[in-house]
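Working through the structure, step by step
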Amino acid sequence: MAVSNPSQLLLRNTDLLDSKHPLVVGCPDVELIKELTQLYPDAKVTSYQVNYAQHQAISKACQNVHCEFGEQYQSKQQHDLVIFYFPKSKPEFTMQMAMLSNSLSDNAIVLFVGENKGGVKSAAKLASDYALRCDKVDSARHCLLYEMVFNNNRSAFVLDDWYRQYQIQQADTALTICALPGVFSHAELDIGTQLLLQHIPDKVTGKVLDFGCGAGVIGCYIKMANRDADIEMIDVNALAIASAEKTLAVNKLSGNVYASDGLSNVGQGYQLVVSNPPFHQGLKTHYQTTEVFLQSVKNKINKNGKLTIVANSFLKYAPIIEKQFGHSNLLANHKGFAIHQAQKR
């Protein structure tokens, strides 16, 4: 299995990975974790992920590693080393750095690694409040590795302080959206979702699935306008799940929000499946998750139930939908976004 470029950079600096209680944050590679446990078998390794798929992969392959998944890492263990994969969102990095400072031992070492184009060059500046020093120690394969010494600056971390709220209004339905850093449409409603909301049926009943829910905009909008609908929202990202739950709570709505790698944890019997599906994973354009979803979602939908998605107009999802459902209707094509709909017959 291919190892990501940031992990390859770490593996050529294995002397920096020696510690008693390492914490690995956001690692996309099982092989890196395995190598760490083999190099330093006495180390008590912890993996923390906000990505459910990566969490599941490491949990299954590395049973001697303590694995945590969630929107917030909380531990009584003081880690002497953190291996921190720089996330695609700088605000998410800032939040996670503030959160992790409470789990670092005095003068702990923090290794920041990431691709040059992904923002890792800003790691030293963004983490300056926590650094005695922060130095670039290696670069290769268009990636950088920094070593920081923690300055023992710990402050209370309150997750609620990091939510951003904004209002949306569609027809007669108003909502307050709550989103943590790193969640899609963190600061404002995106054009694609806005277009999708304009094409939600006037009356929705039965089970509804919001796939890749982000901050919960679509699912919460449907629930607000259709109180009898049974809403489920899923996402692979723990920050999105927490945001969707917060959006439900703030608007005094009920719904079931849970983690799923694609449709892995999803049941059946849906009258409507809606989505503004992701097509980015990390820094690269990535279509596989959505294509697998479109190829398998029909089995989750009741007879006469519908699939409605929004996607960038250049994405060729209509042929995939037509192959599965036998037809695909283009409900709208506006400002570079298309609304596709199909009904199970």
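These numbers come from a predicted model, not from an experiment. (Residues numbered from 1 in each chain as written. Predicted model: local features only at pLDDT ≥ 70, side-chain atom pairs only at ≥ 80, totals over all residues. Heavy atoms only, no water.)

**Looking at the side chain of D210**
As for its position among the elements, D210 is in strand β10 (residues 207-211). The buried charged residue D210 lacks any salt bridge, with K223 as its nearest oppositely charged partner at 13 Å. When sequence neighbours within four positions are dropped, the list of residues in contact with D210 reads I218, G219, E232, M233, I234 and V274. (Helix = DSSP H or I, 4+ residues; strand = E, 2+ residues; numbered from the N terminus. Buried < 20%, exposed > 50% of the residue type's maximum accessible area, 1.4 Å probe, protein only. Lys, Arg positive; Asp, Glu negative; His and termini not counted. Salt bridge = Lys/Arg side-chain N within 4 Å of Asp/Glu carboxyl O. Contact = heavy atoms within 4.5 Å.)

**Focus: the sheet that holds strand β6 (residues 131-140)**
Here we have seven strands laid out as an open sheet, ordered β3-β2-β1-β4-β5-β7-β6, and mixed in their pairing. Across the chains shown, the open sheet's two edge strands, defined by having one partner strand only, are β3 (66-69) and β6. Strand-to-strand twist across the sheet, computed as the mean angle between neighbouring axes with direction ignored, equals 15°. Helix α3 (residues 52-61) contacts β2 (46-49) and β3 of the sheet and is inclined by roughly 165° relative to β3. (Pairing = 2+ DSSP bridges. Axes fitted to C-alpha atoms, helices over the stretch in contact; angles between N-to-C directions.)

**With respect to the sheet that holds strand β11 (residues 230-235)**
The strand order β12-β11-β10-β13-β16-β18-β17 describes an open sheet built from seven strands, whose pairing is mixed. On the outer flanks of this sheet lie β12 (256-259) and β17 (329-334), each paired with one strand and no other. On average, each strand axis in the sheet is inclined to that of its neighbour by 15°, with strand direction left out of account. Pairing of strand β13 (residues 270-275) with strand β16 (residues 301-312), which is carried by five bridges, proceeds in the parallel orientation. Each residue of the ladder has a partner; that of Y270, found in β16, is I301. Docked against the sheet, helix α9 (residues 288-296) engages β10, β13 and β16, running at close to 160° with respect to β16.

**Some points on the packing of aromatic side chains**
Per the stated rule, a full pass over the model turns up eight aromatic pairs. Here F211 and F293 contribute two aromatic rings whose centre-to-centre distance is 3.9 Å and whose plane-to-plane angle is 5°, an arrangement assigned as stacked. Separated by 82 residues along the polypeptide, F211 in strand β10 and F293 in helix α9 bring together distant segments of the chain. Taking the relative accessible area as the measure of exposure, F293 reaches 2% and is therefore buried. Members of the aromatic cluster, each reached through a chain of ring pairs, are F84, F86, F93 and F112. The aromatic ring of Y270 is capped on one face by K207, whose charged end is 4.4 Å from the ring centroid. Lying over the aromatic face of Y163, K246 brings its terminal NZ or CZ to 5.2 Å of the ring centre. (Phe/Tyr/Trp six-rings, centres within 6.5 Å; stacked < 30°, edge-to-face > 60°. Lys NZ or Arg CZ within 6 Å of the ring centre and 35° of its normal.)

**Quick notes on the nonpolar core**
Grouped together as the largest cluster of nonpolar side chains are 71 residues, with contacts concentrated most on F84, F112, M148 and I222. Per-element tally for this core: the top contributor is helix α8 (residues 238-250), with seven residues. Non-local contacts of F112, meaning those with residues more than four positions away in its chain, are made with F84, F93, M97, V120, A123, A127, C134, L144, L145, Y146 and M148. Membership of the second largest hydrophobic core comes to 25 residues, among which are V24, V30, L36 and L145. (Core = buried A, V, L, I, M, F, W, Y, C linked by side-chain atoms within 4.5 Å.)

**Remarks on the pairing of strand β9 (residues 173-179)**
With six of seven residues buried, β9 lies mostly within the body of the structure. By the bridge criterion, seven bridges tie strand β8 (residues 164-170) to β9 in an arrangement that is antiparallel. Looking at β9, one finds that Q165 is bridged to C178. What sits between β8 and β9 in their antiparallel hairpin is a turn of two residues, with A171 showing a positive phi close to 55°.

**Examining the pattern of salt bridges**
Two side chains with opposite charge may pair up if their charged atoms get near one another. According to the stated counting rule, one finds six salt bridges in the structure shown. With a closest N to O distance of 3.4 Å, E147 and R133 form a salt bridge. Of this pair, E147 sits in strand β7 (residues 143-150) while R133 sits in strand β6, and the two are 14 residues apart along the sequence. For D160, the salt bridge goes to K246, with nearest N and O atoms at 3.1 Å. With D160 in the loop between β7 and β8 and K246 in helix α8, the pair connects residues that are 86 residues apart, well separated along the chain. Take K246: its relative accessible area is 24%, and that puts it in the partly exposed class.

**Considerations on the pairing of β2**
What you see with β2 is no split at all: T46 and Y48 on one side and S47 and Q49 on the other are buried throughout. As paired strands, strand β1 (residues 22-25) and β2 are joined by three bridges and run parallel to one another. Note on β2: the bridge partner recorded for V25 is Y48. A crossover links β1 with its parallel partner β2, the connecting element being helix α2 (residues 30-39), and its sense is right-handed. Of the strand pairs in this sheet, β2 and β3 are connected by four bridges, and their pairing is parallel. In the strand pairing of β3, S47 is matched with C67. For the crossover from β2 across α3 to β3, the handedness is right-handed. (Right-handed = clockwise from strand over helix to strand, strands pointing away.)

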